[in-house]
Amino acid sequence: MSNDPLFTRRQVLRGVIAGAGAGLLVGCDSLSQKERFINVLSIGETLNQRVQRFLTGDSLAKEYSESMISPVFRANGSTNPQTDEYLAMKANGFSDYRLKIGGLVDNPLELGLDAIRAMPSRTQITRHDCVEGWSVIGKWAGVPLAHLLDTARVKPGARYVVFYCFDDYGDNGGRYYESIDLLDAYHPQTMVAHSLNNEPLGVPNGAPLRMRIERKLGYKQPKYLRMIEVVDSYAAIQGGKGGYWEDNGYDWYGGI
Amino acid sequence: MSSVLIESPSDTAAPYQWRTILRHRWPLRLMHWINLLAMLAMIGSGLQIYNAHPALYWAEASHFDTPIFSTDAMQRDNGEIHGVTQIGSMNMDTTGVLGASRNSVGALESRGFPSWATIPSWRDLATGRRWHFFFAWVWVLNGALYIGWSLLTKHLNRDLAMKRRDWRAIPRSIGDHLKFRHPVGDAAARYNPLQKLAYLGVIFVLTPLIVLTGLSMSPQMDTVLGGWLDFVGGRQAARSIHFMMMALFVAFAVIHVLMVFYAGPINEMRSMITGGMRIRYPRGTAGQSAAASESSVSSEENNHE
């Protein structure tokens, strides 16, 4: 007489919702592992770079008053490099440190810290945004990269500036590196910084020198700077994507 | 009118008749589903991005000791971790969902939002960002098309805009919702005033806010968005507002789906897939109605038995 359904309507509904949810999750996970799909997704980054650069032009990052400086400038990523060459330099207070500037330049440079501190400098209080989402504000002093590039006399055909670092992030034998194009390289706030909050740059924040590229996220502003190379392409350097994190799936633009 | 609300399935002389009308035109239906897809992708990947630093602040920079909201893992004396969600000065144990949840092999791990809520399910900020920015573009372009289409076809003006009679009908509409009273006739083919306000709020308040606060997390865009950033209280405040808008979008979607079930899930789903919607008219009034004759794809009369 009674025709009890195999499943109640509520059970069916629950099953459908749970099934659809699980299906979505499995689908997204499997798509996330397909290189071709990820390449399609990165169209978003290309659009970000084109549109955001078009909208912003040469505009400057906001500079803050002294009262806005964060009590502690949070250090992230490498905070205490253990590579032999870095430890040796650190042991004698970076006195034999030389920043090399080479590649597509007419006048390659090797500069000690005293020479760099004697160069025309710029001071700026800016906000540092980590790709993880947090922000801190710090006061930087350093030499505009434009001045160093002009001194080294960049050759025609140059397109990118590559920064090589001392730290071995990920402890895999590779070295941290990053790259920007000439637009960002010649931006007035792009500098080789030697001091933070009126003190010589400390080890957690990139001693003796780090880059400040104020319109980029933190990972695009390398610490523990060893060498600057002007190139026409970064395709042959390490993973070929233009930076340590880029080789690990992050976008080269790094502006949002 | 109220007599039509009394219905009995065995009543052979039902005091109403059914018509199928074209409730939503195809561009709107298409844009609706693209919107849903993009939003799901953005919420999942957005929670992945949030998980990279599962705390929100209210200022220009992060005051790490005083977040306004955080979902962290804490360690007990016996070494076990548990999830703690903090809102202002309030702390709640949310182990299993927020702060600490089980990974694919069943072990508790430190995680802002659980793996079932993030894209991808494992911790992968780089991939989450790719998803987020791609679907942000899909969502924004789809939204721009929707606004353009709505202006062009007068959908916005005719169907969504609050008219004087809508404002006056708000108290009655609240009563209808509370008493589970379904509209009949032409009213069933229109948005009710509460529905209009919800849609207008999503389109003209939540959407601009979530787009602008999203953009103002970009150090590049902030070089031209300084005034806006000052207005909302700084970059970290913008990040917090972005998150809150997401929560409001989720709340809207939950209520939206509940309303679909309340109004009749099969009929409502069909109206957003094929466009056809069956509407009950008090007997003798169908056909006279402007809305029904204007957009009718097929008209039928039966007693629904």
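Residues numbered from 1 in each chain as written. Chains lettered and ligands numbered in written order. Predicted model: local features only at pLDDT ≥ 70, side-chain atom pairs only at ≥ 80, totals over all residues.

Draft legend 1. Region of the structure containing the overall build of chain B. Along chain B, the regular secondary structure elements total 10 helices and 9 strands. Looking at chain B as a whole, 30% of its 305 residues qualify as buried. Residue pairs at least 24 apart in sequence account for 63% of intrachain contacts in chain B once pairs closer than 6 positions are excluded. (Helix = DSSP H or I, 4+ residues; strand = E, 2+ residues; numbered from the N terminus. Buried ≥ 20, exposed ≤ 12 C-beta atoms within 10 Å, placed from the backbone. Contact = placed C-beta atoms within 7 Å.)

Draft legend 2. How the structure looks around the interface of chain B and chain A. In this assembly, 34 residues from chain B lie in contact with 41 residues from chain A. Elements represented by at least two residues in the side of chain B that touches chain A include exactly helix H1 (26-51), helix H2 (125-152) and helix H8 (235-263) of chain B. For the side of chain B that touches chain A, the per-class residue count stands at 18 nonpolar, 10 polar and 6 charged. (Nonpolar A, V, L, I, M, F, W, Y, C, P; charged D, E, K, R; others polar.)

Draft legend 3. Structural context of the environment of B:Thr71. Residues and elements named next belong to chain B. Tracing the backbone through its elements, the reader meets Thr71 in strand E3 (residues 69-75). Overall, Thr71 belongs to the buried group, with 26 C-beta atoms counted inside 10 Å. Placed 18 residues apart in sequence, Thr71 and His53 show a C-alpha to C-alpha distance of 9.3 Å. In this structure, Thr71 is in contact with Pro54, Gly83, Thr85, Leu98, Gly99 and Gly112, ignoring residues within four places of it in sequence.

Draft legend 4. Geometry of the sheet that holds strand E10 (residues 225-231) of chain A. Residue and element names in this part refer to chain A. Taken in spatial order, the 5 strands make up an open sheet running E2-E1-E10-E5-E6, and their pairing is mixed. Looking along the sheet, the strands with just one partner apiece sit at the ends: strand E2 (109-111) and strand E6 (177-181). Between one strand and the next, the sheet's axes are offset by a mean angle of 15 degrees, whatever the strand orientation. As paired elements, strand E1 (residues 99-103) and E2 share 3 bridges and run antiparallel to each other. Residue pairing for E2: Ile101 is matched across the bridge by Leu109. (Pairing = 2+ DSSP bridges. Axes fitted to C-alpha atoms, helices over the stretch in contact; angles between N-to-C directions.)

Draft legend 5. Quick peek at H2(B). Under the 1.5 Å per step criterion, the end-to-end length of H2(B) is 40 Å for 28 residues, consistent within 8% with the ideal 40 Å. Of the residues trailing H2(B), B:Lys154 is marked for its positive phi of about 65 degrees. (Expected span 1.5 Å × (residues − 1).)

Draft legend 6. Representation of unusual backbone geometry in the model. Here A:Ala207 and A:Pro208 are connected by a cis peptide whose omega angle stands at 0 degrees. Following B:Ile119, the chain continues into B:Pro120 via a peptide bond in cis, with omega recorded as -15 degrees. Mapped onto the fold, B:Pro120 is located in the loop between strand E7 (108-111) and H2. If you check the backbone angles, A:Asn197 has positive phi at about 50 degrees while not being a glycine. Positionally, A:Asn197 belongs in the loop between strand E7 (191-196) and strand E8 (199-200). Located in the positive-phi region is A:Gln238, a residue other than glycine, with phi close to 45 degrees. By the secondary structure assignment, A:Gln238 is in the loop between E10 and helix H8 (244-247).

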